[in-house]
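# Commentary on secondary and tertiary structure
Residue strings, one per chain:
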2 protein chains.
Amino acid sequence: LETSQFDAAKTILTPVQPADIADVIESLPSRLQVLAFRLLSKNEAIDVYEHLAPPVQESLLEDFKHPEVLEIFNQMSPDDRVRLLDELPAKVVRQLFKHLSNEERKATSLLLGYKPETAGRIMTTEYVSLKEDYTASQALDRIRHIATSFETIYVLYVTDDSRRLTGTLSLRNLVMARPEEYIAQIMVPDVVSVHTNTDQEEVARTIQHYDFLAVPVVDSEQRLVGIVTVDDVIDILEEEATEDIYTAGGVQSQGDDYFKSSLMTVARKRVVWLFILLITNTLTSQVIHSQEDVLQKTITLAAFIPLLIDAGGNVGAQSSTVVIRGLNTEDVRLTQVLPVIVREGGAGALLGLMLGIVVTVWAYFLQGDWLVAITVGSSLFIISLLAAFAGGGLPFLFKSMKLDPALMSAPFITTAVDVLGVAIYLLIARSLLGI
Amino acid sequence: LETSQFDAAKTILTPVQPADIADVIESLPSRLQVLAFRLLSKNEAIDVYEHLAPPVQESLLEDFKHPEVLEIFNQMSPDDRVRLLDELPAKVVRQLFKHLSNEERKATSLLLGYKPETAGRIMTTEYVSLKEDYTASQALDRIRHIATSFETIYVLYVTDDSRRLTGTLSLRNLVMARPEEYIAQIMVPDVVSVHTNTDQEEVARTIQHYDFLAVPVVDSEQRLVGIVTVDDVIDILEEEATEDIYTAGGVQSQGDDYFKSSLMTVARKRVVWLFILLITNTLTSQVIHSQEDVLQKTITLAAFIPLLIDAGGNVGAQSSTVVIRGLNTEDVRLTQVLPVIVREGGAGALLGLMLGIVVTVWAYFLQGDWLVAITVGSSLFIISLLAAFAGGGLPFLFKSMKLDPALMSAPFITTAVDVLGVAIYLLIARSLLGI
């Protein structure tokens, strides 16, 4: 490539999947990216462009602002174009908009008008719609005519004169049908659809639930305005999973590229949770501070504070992890709060019992005082129980208050375990050791 | 339904999606499940059955062991059948096997012969294969003939005489082609395929990467043996995400139903991680124990131990969360270890600086001793730095050792932060406070 042997490079690139070409281009230094990209035929270029990461798409746009790229931009699927525009600075967006054909500009504005993370924003307007009075062979002819550049033609949508969705039809059933059959006879009249402002995660769950290849998006008058396809769903569910994992790990996520965001951004996304911890720990420190006389008399008690906090925090985290994931994947319903709390409470008691016994024996061997050992063990039992209840119950509380349970549960569980845990520990010590 | 008005119930159930019928049946008491299920027509019954949760599938099988169910079992897709058999006791599996037709038994045994969580186990053997010398219209005729019960006909596979995969073709391109064109002319000869023993997560990533509807599975002689479809991929990626989330939360996952597993099983899955924590904490307690004289002299130091452990643990967890997720979704590559460590180290330093300053001021207000305050603040800075390095670097170490980074990183990070953190804290206290 370096030696500009265009034709050789072209033959190497040609018989490969667009996604793979995109990977190769991304791995090149940016000067060569432009060069490699220009070697592609126009049709290939569009496919490959849609597979490139947004930063590379952006730099290619800036690098050669000439008709070739604008043409590609014009021919992208509306949903992929919107995704790119979301990443670009407003000035560039305005410039690009000028170059879109009237039709494409309308489609793009439509999508950009919907709120981010809703069905309206992620849908594509390229779907095949049919009328009920077409015959199967007329429908097939229509598809052959219009569908070359459409994202999917495997699910077809039947609408009435005012564009209201009346049925769906798979290409499979159309191919299987006798040529003279009417669409009205072979379509499925029971349509599952989502609304333009349905949350993208719910859209994804709908497609997952029904094993659909695409789901139609309708406006408030039941008119068909677009479809969301299964390939977008995979990315959405992965994004949501990343969000859940990040939130559980105390990191705010916005789905940026790891290496692109500045160190300040990274720190900002993490510092919130750390400052919440500081506040929690102010309380814990106050508790310890106010009970200093207990520690002063039996300094070995201090050695077990990390153990109690770590173990309690983890029992709580385990319960909340399972419950939050269950609520997010809809394996656990909001109404099941009671059986879940009973279950997690039971698990907490069982774990607390096992850990408590082991820790009691172990604490005795460490410092040779049965009273201290029993203090540590019984505190751990109570803390485990408390943590499991908090981890099992709080996600339900926050979910029913329409707050994100993954975000809200951790601070409260930590506070419960740390503050109450240390308080319980030192109070038990005070009464058992007679201080 | 209770009053046995069969026909009325039937009209209610009929025009609805199979997945929804399955939901309704699952919500009924088990006596009524059988009744409701029998109301369905045979074709519906198969579709609905495949959408039912495995425990319900199982109870239906046991509830009425008569020809009707066996017939349905016989007509399920091989991959759905294998998923059901995986859940059933061996005795039931043997009985059911007897009732399969010869052909279906062969298909099912084939799948069961592959290791769990590989492409071979999750693939379906129902795909449409074509020969290169068919014309487009011959191919369409063939599809009309054989494809009524096949899982997908949107991707077609072209094989040679020894069943080796030579190309793929979308139904879309077939429909678009002129009737007299040969398959060899319109197929895509560059085939992306996976091997029967490819891990299911890699299969899912392949489909996700290329935005495929299905990926072909070949054996070691490049012969086509099955396909994996996109609807399975969604479930696999969700399963893997749940596994990652559970592991991060210290819970071993096996994808069981939440309410079905016994309390002992639940406890067993969580206790391992808690015992690892105990061992870590033995070390921490030993460190505190051996430095008791420092604490004895300045008992306020004890009040800050929870703060240091919590904050350090969280900085480490944040780094490892981001890095592990990046490695799992292949956004971060193994070779990028150096930039990642530099980045996480930088983030750790920045966070440590911010937290350290705040904590120093705050600790001074809490107990009025600048030396103690500086001890706490500077320890927190060092601990943050250490935690971020551990969180950024350890996942790479474990990944390159072919260990699960999500599983292995947490114990080591906790140990590093707790044991080294407390040691650093007390050593700084010793030298600053001149003990």
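These figures come from a predicted structure and were not determined experimentally.

### Things to note about the sheet that holds strand 2 (residues 155–159) of chain B
All names here are of chain B. Taken in spatial order, the 3 strands make up an open sheet running 1-2-3, and their pairing is mixed. Single-partner strands in this sheet number two, and they are strand 1 (129–130) and strand 3 (165–170). As defined by bridge partners, strand 2 adjoins strand 3 across 5 bridges and the pair is classed as antiparallel. Residue pairing across strands places Thr-159 opposite Leu-165, the latter belonging to strand 3.

### A short note on the sheet that holds strand 2 (residues 155–159) of chain A
Strand order in the open sheet formed by 3 strands is 1-2-3 (chain A), with mixed pairing between adjacent strands. Sheet topology places strand 1 (129–130) and strand 3 (165–170) of chain A at the edges, where each strand pairs with a single neighbour.

### So, empty space enclosed by the protein
Under the definition given, this model contains 1 cavity of 30 Å³ or more. Within this model, the largest cavity holds a volume of roughly 180 Å³. Surrounding the largest cavity, 21 residues form its lining, A:Leu237, A:Glu238, A:Ala241, B:Leu237 and B:Ala241 being those nearest its centre. Counting residues per element, the ones that place at least two in the lining of the largest cavity are helix 14 (200–210), helix 15 (230–248) and helix 18 (305–328) of chain A together with helix 14 (200–210), helix 15 (230–248) and helix 18 (305–328) of chain B. The residue makeup of the lining of the largest cavity, split by class, is 6 nonpolar, 3 polar and 12 charged.

### Comments concerning the relation of the copies chain A and chain B
Superposition of the two copies of the chain requires a rotation about an axis and a shift along the axis. Rotating chain A by 180 degrees about the axis while translating it 0.1 Å along that axis superimposes it on chain B, leaving an RMSD of 0.2 Å. Here the transformation between the copies is reduced to the relation of a two-fold axis. When the interface residues of chain A are mapped onto chain B, 100% of them are again interface residues, pointing to one common binding face.

### Quick look at unusual backbone geometry
The phi torsion at A:Arg163 lies on the positive side, around 65 degrees, for a residue other than glycine. Positive phi, normally seen in glycine, also occurs at B:Lys402, with a value near 60 degrees. The topology assignment puts B:Lys402 in the loop between helix 20 (370–400) and helix 21 (405–432). Judged by relative accessible area, B:Lys402 falls into the exposed class, the value being 77%.

### Points about the packing of aromatic side chains
In this structure the tally under the stated criterion is 13 aromatic pairs over all chains. Residues A:Tyr127 and A:Tyr157 carry aromatic rings whose centres are separated by 6.3 Å and whose planes lie at 85 degrees to one another, so their mutual orientation is edge-to-face. Taken as a pair, A:Tyr127 in the loop between helix 10 (119–122) and strand 1 and A:Tyr157 in strand 2 lie far apart in primary sequence, 30 residues in all. Ring centres 5.9 Å apart and planes at 85 degrees place the aromatic pair B:Phe304 and B:Trp362 in the edge-to-face group. Residue B:Phe304 is located in the loop between helix 17 (292–297) and helix 18, and its partner B:Trp362 is located in helix 19 (residues 337–367); the two are separated by 58 residues in the primary sequence. Note on accessibility: B:Phe304 and B:Trp362 belong to one class, buried. An aromatic cluster of at least three residues, connected via ring pairs, comprises A:Tyr364, A:Phe365 and A:Trp370.

### What to know about helix 19 of chain B
Compared with an ideal rise of 1.5 Å per residue, which puts 31 residues at 45 Å, helix 19 of chain B spans 42 Å between its outermost C-alpha atoms and is within 8% of the ideal. Count one or two residues on from helix 19 of chain B and you reach B:Gly368, which has phi positive near 70 degrees.

### Focus on the interface of chain A and chain B
Contact residues are listed per partner, giving 111 residues for chain A and 111 residues for chain B. The contact between chain A and chain B buries some 10,200 Å² in all, and 65% of this surface belongs to carbon and sulfur atoms. When the area that chain A buries against chain B is broken down by residue, the three leading residues are A:Arg172, A:Tyr258 and A:Arg343, summing to 8%. Run the count over chain A and chain B and you get 4 salt bridges. Residue A:Glu238 is joined to B:Arg205 by a salt bridge in which the shortest nitrogen-to-oxygen separation is 2.8 Å.

### Some points on the pairing of strand 2 of chain A
Residue and element names in this part refer to chain A. For strand 2, the tally of buried residues reaches 5 of 5 residues, placing the bulk of the element in the interior. Burial of the side chains of strand 2 extends over both faces: Val-155, Tyr-157 and Thr-159 are buried on one face and Leu-156 and Val-158 on the other. Strand direction decides the pairing type here: strand 1 and strand 2, joined by 2 bridges, are parallel. Directly across from Ser-129, in strand 2, lies its bridge partner Tyr-157. If you look at the hairpin formed by strand 2 and strand 3, you'll find 5 residues sitting between the two strands, and Arg-163 has a positive phi there, around 65 degrees.

### Observations regarding helix 20 of chain B
Residue and element names in this part refer to chain B. Helix length check: helix 20 (31 residues) gives 45 Å between terminal C-alpha atoms against 45 Å at 1.5 Å per residue, within 8%. The sharpest bend along helix 20 reaches about 30 degrees and sits at Gly-393, with the proline Pro-395 one to four residues further on. Among the residues of helix 20, the N-terminal cap falls to Asp-369, whose side-chain oxygen and the backbone nitrogen of Leu-371 are separated by 2.9 Å.

### Notes on a negative patch on the surface
A surface patch of like charges, here negative, comprises A:Glu117, A:Asp199, A:Glu202, A:Asp235, A:Glu239, A:Glu330, A:Asp331 and B:Asp211. Examined against the element boundaries, A:Glu202 turns out to sit in helix 14. On the basis of relative accessibility, which here comes to 48%, the residue A:Glu202 falls in the partly exposed class.

### Here's the deal with the confidence of the model for chain A
For chain A, per-residue confidence averages 81 on the pLDDT scale, and residues scoring 70 or more make up 84% of the total. Residue range residues 1–14 of chain A is modelled with pLDDT below 50. Its contacts to residues more than four positions away, or to other chains, number 15 contacts.

### Observations concerning the packing of helix 19 (residues 337–367) of chain A against helix 16 (residues 263–290) of chain B
Here helix 19 of chain A crosses helix 16 of chain B at 30 degrees, and the two axes come no closer than 10 Å. Relative to helix 16 of chain B, helix 19 of chain A is oriented roughly parallel. For the pair helix 19 of chain A and helix 16 of chain B, the sense of crossing is right-handed.

### Describing the environment of A:Leu52
Among the structural elements, A:Leu52 can be located in the loop between helix 4 (42–51) and helix 5 (54–63). On a C-alpha basis, the gap between A:Leu52 and A:Val24 in space is 9.8 Å, while along the polypeptide they are 28 residues apart.

### Digging into the nonpolar core
Judged by nonpolar contacts, the single largest core of 88 residues is most densely connected at A:Phe304 and B:Phe304. In this structure, B:Phe304 is in contact with A:Ser285, B:Trp362, B:Ala363, B:Leu366, B:Gln367, B:Val372, B:Val376 and B:Tyr425, ignoring residues within four places of it in sequence. Judged by nonpolar contacts, the second largest core, of 45 residues, contains A:Ala19, A:Val203, A:Leu237 and B:Val194.

### Here we look at the pattern of salt bridges
Tallied over the entire structure, the rule returns 22 salt bridges over all chains. A salt bridge links A:Glu181 to A:Arg178; its shortest N-O distance comes to 3.5 Å. A:Glu181 gets classed as buried once you look at its relative accessible area, which sits at 15%. Between B:Arg164 and B:Asp160 there is a salt bridge; the shortest N-O distance is 3.8 Å. With relative accessibility at 37%, the residue B:Arg164 sits in the partly exposed group. For B:Asp160, a relative accessible area of 26% corresponds to the partly exposed category. Each of A:Arg178, A:Glu180 and A:Glu181 takes part in one network of salt bridges that share partners.

### Brief notes about a nonpolar patch on the surface
Taken together, the side chains of A:Leu353, A:Ile357, A:Val361 and A:Phe365 make up a nonpolar region of the molecular surface, amounting to roughly 440 Å² of accessible area. Since its relative accessible area comes to 70%, A:Phe365 is described here as exposed.

### Considering the environment of A:Ser129
Residue and element names in this part refer to chain A. By secondary structure assignment, the location of Ser-129 is in strand 1. A sequence separation of 24 residues divides Ser-129 from Ile-153, and the C-alpha atoms of the two residues are 9.7 Å apart. When neighbours within four sequence positions are excluded, Ser-129 is seen to be in contact with Arg-142, Tyr-157 and Thr-159.

Cut-offs used in this document
- Residues numbered from 1 in each chain as written.
- Chains lettered and ligands numbered in written order.
- Predicted model: local features only at pLDDT ≥ 70, side-chain atom pairs only at ≥ 80, totals over all residues.
- Heavy atoms only, no water.
- Pairing = 2+ DSSP bridges.
- Helix = DSSP H or I, 4+ residues; strand = E, 2+ residues; numbered from the N terminus.
- 1 Å grid on protein atoms, 1.4 Å probe; cavity = no way out; pocket = protein on both sides within 12 Å on 5 of 7 lines; lining within 4 Å.
- Points joined across faces, edges and corners; volume = space filled by probe spheres on them.
- Nonpolar A, V, L, I, M, F, W, Y, C, P; charged D, E, K, R; others polar.
- Least-squares fit on C-alpha atoms with pLDDT ≥ 70 in both.
- Contact = heavy atoms within 4.5 Å.
- Buried < 20%, exposed > 50% of the residue type's maximum accessible area, 1.4 Å probe, protein only.
- Phe/Tyr/Trp six-rings, centres within 6.5 Å; stacked < 30°, edge-to-face > 60°.
- Expected span 1.5 Å × (residues − 1).
- Buried area = accessible area lost by both parts, 1.4 Å probe.
- Salt bridge = Lys/Arg side-chain N within 4 Å of Asp/Glu carboxyl O.
- Bend = angle between axes of the 7 residues up to and from the residue.
- Polar contact = N/O pair within 3.5 Å; in protein donor to acceptor, adjacent residues only side chain to side chain.
- Patch = residues over 30% accessible without salt bridge, like charges linked within 9 Å, V, L, I, M, F, W, Y side chains within 5 Å.
- Areas by Shrake-Rupley, 256 points an atom, 1.4 Å probe, with all protein chains shown as cover.
- Lys, Arg positive; Asp, Glu negative; His and termini not counted.
- Charge placed at Lys NZ, Arg CZ, Asp CG, Glu CD.
- pLDDT = per-residue confidence, 0-100.
- Axes fitted to C-alpha atoms, helices over the stretch in contact; angles between N-to-C directions.
- Parallel < 35°, antiparallel > 145°, perpendicular 65-115°, else oblique.
- Left-handed = near helix turned anticlockwise from the far one by under 90°.
- Core = buried A, V, L, I, M, F, W, Y, C linked by side-chain atoms within 4.5 Å.

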